[in-house]
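# A structural walkthrough
So you can see what is in the structure, the chains are spelled out below.
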Amino acid sequence: MSCEPWQCAEVAATKKANPITKPEVAVAMIKRAARPLLVVGSNATERSMEGRSLIDFLIDFAKASKVQVVATAHMVGEFLKRGYTPAGFMSAMDIGNRLVDPSWDGLDGKGHPDLAIFVGLPYYMEALILSGLKHFAPDLRTITIDNLYHPHASWSYPNGSLDDWANNLKVMTSRFEGGQ
Amino acid sequence: MTSKNVRVKIGEMKTSTGLVKNLDISIGKLVDDSWEEPMGPTPMPSLTTLRNWDLTLLNKYKPFYLPDCDLCCLCTYGKCDLTAGKRGACGLNIADQSSRIVLIACCIGAATHNGHARHVVDHLIEKYGRRYPLDVGGLNVKVEAPVTRLVTGIRPQTLGDLDEVLTYCESQITHLLSVAHTGQEANNIDFESKAFHAGRVDQVGMEVADIAQISVFDFPKADPEAPLIKMGIGTVDQTKPVIMCIGHNVVPSVGIIDYMKEQKLDDKMEVVGLCCTAIDNTRYFDRAKIVGPISWELRFIRGGFADVVVLDEQCVRTDCSLEAERVKAPVIAASEKNCIGYKDRTNDPADEIVADLVSGKVPGVLILDPEKVGEVAVKVAQKVAPMRKKMKSLPTLEEIRELAKKCRHCNMCQRSCPQDLKIPEAITAAAEGDYSKLADLYEECIGCGRCEEACPVKLEIHSYILKVGEKKMLSETNYCRSGRGAVQDVEIRSVGGPIVLGEIPGIVALVGCANYPHGGKDVYDICREFALRRFIVMTSGCSAMSAGSYKNEEGKTLYEEFPGGFEAGGVINVGSCVSNPHIAGAAIKVANIFAKRSLRGNYEEIADYIHNRVGAVGLAWGAYSQKAASIASGFWSLGVPVLVGPHGSKYRRMLLGRADKPENWEVYDARTGNKVNVGPAPEHLFQTVETPQEAMVAIAKLCLRPNDTWKGRSIKLSHYIDLHKRHYGIMPPDIHRFVRTMADVPMTMKDEVTKILKEKGWKETVIPDPTLLPRMIRKKKE
Ligand code: SF4
Ligand code: SF4
Ligand code: SF4
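Reading guide: rules and limits
Residues numbered from 1 in each chain as written. Chains lettered and ligands numbered in written order. Predicted model: local features only at pLDDT ≥ 70, side-chain atom pairs only at ≥ 80, totals over all residues. Heavy atoms only, no water. Helix = DSSP H or I, 4+ residues; strand = E, 2+ residues; numbered from the N terminus. Pairing = 2+ DSSP bridges. Axes fitted to C-alpha atoms, helices over the stretch in contact; angles between N-to-C directions. Contact = heavy atoms within 4.5 Å. Expected span 1.5 Å × (residues − 1). Buried < 20%, exposed > 50% of the residue type's maximum accessible area, 1.4 Å probe, protein only. Parallel < 35°, antiparallel > 145°, perpendicular 65-115°, else oblique. Left-handed = near helix turned anticlockwise from the far one by under 90°. Nonpolar A, V, L, I, M, F, W, Y, C, P; charged D, E, K, R; others polar.

As recorded in an unreviewed UniProt entry, chain A goes by the name CO dehydrogenase/acetyl-CoA synthase complex subunit epsilon, listed as coming from miscellaneous Crenarchaeota group-1 archaeon SG8-32-3.

The following block contains the structure:
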């Protein structure tokens, strides 16, 4: 496990993501947030662990945690195919652009998210959007639940294997289901 | 043509479209007294002449910055950390810096195209004189230079006129670049406006370059049936000497082709090209061959196909010369802009240069005389070919298996790969004799070589990918249509109405480079989807090649399957990078020829027309360069939306509308002066899309325009809804924003749409005569 940016040149200057050392840290952060939002990108169907697609792990997590999901690209169709309806869908740039606008009241119009959780966008796109949020949404906390270290997030898992990733997602889900 | 200094000052002037007040135009040189069209308000705009227009667009489509770097290191006060609101030692913040980088990129792009144009025009004037007449399509193209007419107010008729046009562009680029100096512009939106200006000047420079070369080199002249050109390395007869030309500037290649023809060798040798030079070569000589886009430079040099490599300018990998040396292919550098450290041999006798290159005494030479390049390249290729035919730098499969065993599984290759390809896994499998995973990488690899640079045990990963993909590579035999150049005036006349009324659902232009996220097939798929839907599909440059690189079930490439005319269901290759203004020019000509709006120095009105009425959208799926940035900028300032593929997010700034803010979508109804909400049409001006599915849905949606008639809108909506349902599995939830009256609703989708309209509390509205410009209102309100 290493806290180096996954793509070598994606370095940050003075503000670098804190490492999420174990899934419980991420769970605590999400539980503490009043209005968390999970942004799911197109790699959700491109990555698989333990014979299951990433999107299936994410549906379990979203159901357990009740965190609102916004699907980017064409992922909404992939969620619907699996019987899960995300709270919203829009392009990755649109959701980033709304998150930097403090007057945006979220997908349900009830208030601006205070925590944005990212997963499954192409690494460089996710890095850039997280950078945009780091610079222009100072009050928003961001975390990624990918298995790749994202320096521009507020919190990120270090680079890890697919097994680590599957385990992290499962533990996170189970903690919301009331497991120990 | 005459030249004189002019200053026009008008207190008040009534025109057909409204009242112009306090107009003050200074023009260094006004040309062409014989042109009857009256001069519009903004000939040869300065940095701020069109600022109000830019600000109007930038208010509708606000920048969303994605800083690619937290630092600025442009002056010795720095490096400055600009993280999250900190200002640098000069007072600059990260929004300013991000927009400054956008401006710098656009200036580099504009300078590159204008530099290219300057080289071509000066060379041709020297050879053929200033009075050489321009002809881009005979009687079929009376509006020969729509962008130039629009921006500068000049109607160029001779090569000498183009010189005047370029002088204007060069002055603007100098001013624009100076804006990027520390302690100049202090506001990000003003940087953005200047980036738009760079885009305008860029379009002019490209147009100049292309109309000069079309006229003098007799390229296809607005020809819908420009020849089909063989494409792919599999079409190259490798028993013949092969000259490989890489870059963008056709002038040295013309020298080569002319010499071959003179010596009656044109069927005894192969001239192949990579990147835009490839396309322009085929416009000059239809037996020239296109072997691939920019990303395949390493592939084909390393593959040992070239007997001599001729490098001109732009997008030439800076290690092409080193790679050519590895396979003992002599190199000729043929551009002042790319001398590669070679000795300048321009004034040496050709045979001496040939002897030095053939003997290997020198690996490469600089020759700045295109005719000498021709003679030397042909002679060297002939002599070298028999000696080096079998020389390749690709290892055998057995060698790959052995070398792969050295892998330390450190992942550095994958972490350096811009595509995040699973190289370590593929190398591990290769060490076991299973090459299938390496072969899988062939299509997605963009040939950057970064994996090799990162590998601690110096495995030549890219070469391995090429070796296992060799069979596929050699079977590449396709067709690309040679660049046709401009769109004919008569074509505009027949489709102008259907475009503006919305009955042709849109013009989609797939342009730009080959930095694709998953190979070029996406470009083919998108082109075909929209051609089948009877959009007008336009292509240029590397995208034009990718569009032609795949076949349908009947074995036909796109260019064989669809006609090459500017018509519903046509697939048009306009040409190389510098041919892109024919795409903007087509939109401009719709305003001019179909709607009879005056072009001359009348930028704002025409851009307003295009933005509100011409359903055109650009997609640069693999855009990588600064030139692609300035090309996009030229479209933004005309109000034409541009999409980029995922790597395009690294341009670090999007221009996004907010569909959820109704106040952003008001236009004036020019008939009444009333403000009318027309919904987010088009929703964005510059946006990154993540997947081809998303691109298709976005293209259909971005073709919506406020001016669509009910019939046109219902056609456009039916495509949007259909693609949305197919790729997103659901009705578009924002459909209520685009339905103005029930007549807009596609008949076959009435029930589904009506349900959404009810849920959303939709209310009927009017279809205005839309404009963003108060001065275009014909009837002032009391
Ligand atoms: S230009 Fe400004 S921000 Fe950049 S290094 Fe110099 S002082 Fe710092
Ligand atoms: S050459 Fe291909 S595999 Fe290697 S880093 Fe570049 S894209 Fe990746
Ligand atoms: S960088 Fe080289 S050694 Fe490391 S995993 Fe890749 S191929 Fe193996």
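Moving on to unusual backbone geometry. Of the consecutive residues Gly78 of chain B and Lys79 of chain B, the connecting peptide bond is found in the cis state with omega at 5°. Omega for the bond connecting Ala681 of chain B with Pro682 of chain B falls within 30 degrees of zero, at -5°, which places this linkage in the cis form. With phi around 60°, Lys66 of chain A is a residue other than glycine that occupies positive phi space. Here Lys66 of chain A lies in the loop between α2 (54-65) and β5 (68-71).

Our focus in this paragraph is the sheet that holds strand β19 (residues 653-656) of chain B. Residue and element names in this part refer to chain B. Spatial strand order, β3-β19-β22-β18-β17-β14-β15-β16: eight strands in an open sheet with mixed pairing. Looking along the sheet, the strands with just one partner apiece sit at the ends: β3 (62-65) and β16 (571-573). Ignoring strand direction, the axes of neighbouring strands in this sheet form an average angle of 25°. Two elements, strand β14 (residues 507-510) and strand β15 (residues 536-539), share four bridges in a ladder whose sense is parallel. By the bridge assignment for β15, Val508 is matched with Val537.

Looking now at the environment of Asn664 of chain B. Residues and elements named next belong to chain B. Within the element layout of this structure, Asn664 appears in the loop between β19 and β20 (666-669). Each C-alpha atom, one on Asn664 and one on Gly761, is 19 Å from the other, the two residues being 97 residues apart in sequence. What Asn664 contacts, discounting residues up to four positions off in sequence, is Lys60 and Arg658.

Given 3.6 residues to a turn, an α-helix orients residues that are three or four positions apart in the same direction. Residues and elements named next belong to chain A. Compared with the 16 Å implied by 1.5 Å per residue over twelve residues, the 16 Å span of α2 between its first and last C-alpha is a close match. Most of α2 is tucked away, with nine of its twelve residues classed as buried. The complete set of buried residues in α2 reads Leu54, Ile55, Phe57, Leu58, Ile59, Phe61, Ala62, Ala64 and Ser65. In the stretch just after α2, Lys66 is the one whose phi turns positive, near 60°.

All names here are of chain B. Look at helix α4 (residues 159-179) against helix α5 (residues 188-217): their axes get within 10 Å of each other, and the N-to-C directions meet at 155°. Compared by their axis directions, α4 and α5 come out roughly antiparallel. You can see that α4 and α5 cross each other, and the crossing is left-handed. The segment α4 lies against α5, with Leu159, Leu162, Val165, Leu166, Tyr168, Cys169, Gln172, Ile173, Leu176 and Val179 engaging Phe191, Lys194, His197, Ala198, Val201, Val204, Gly205, Val208, Ile211, Ala212 and Val216. Its residues placed into classes, the contact of α4 with α5 shows 17 nonpolar, three polar and one charged.

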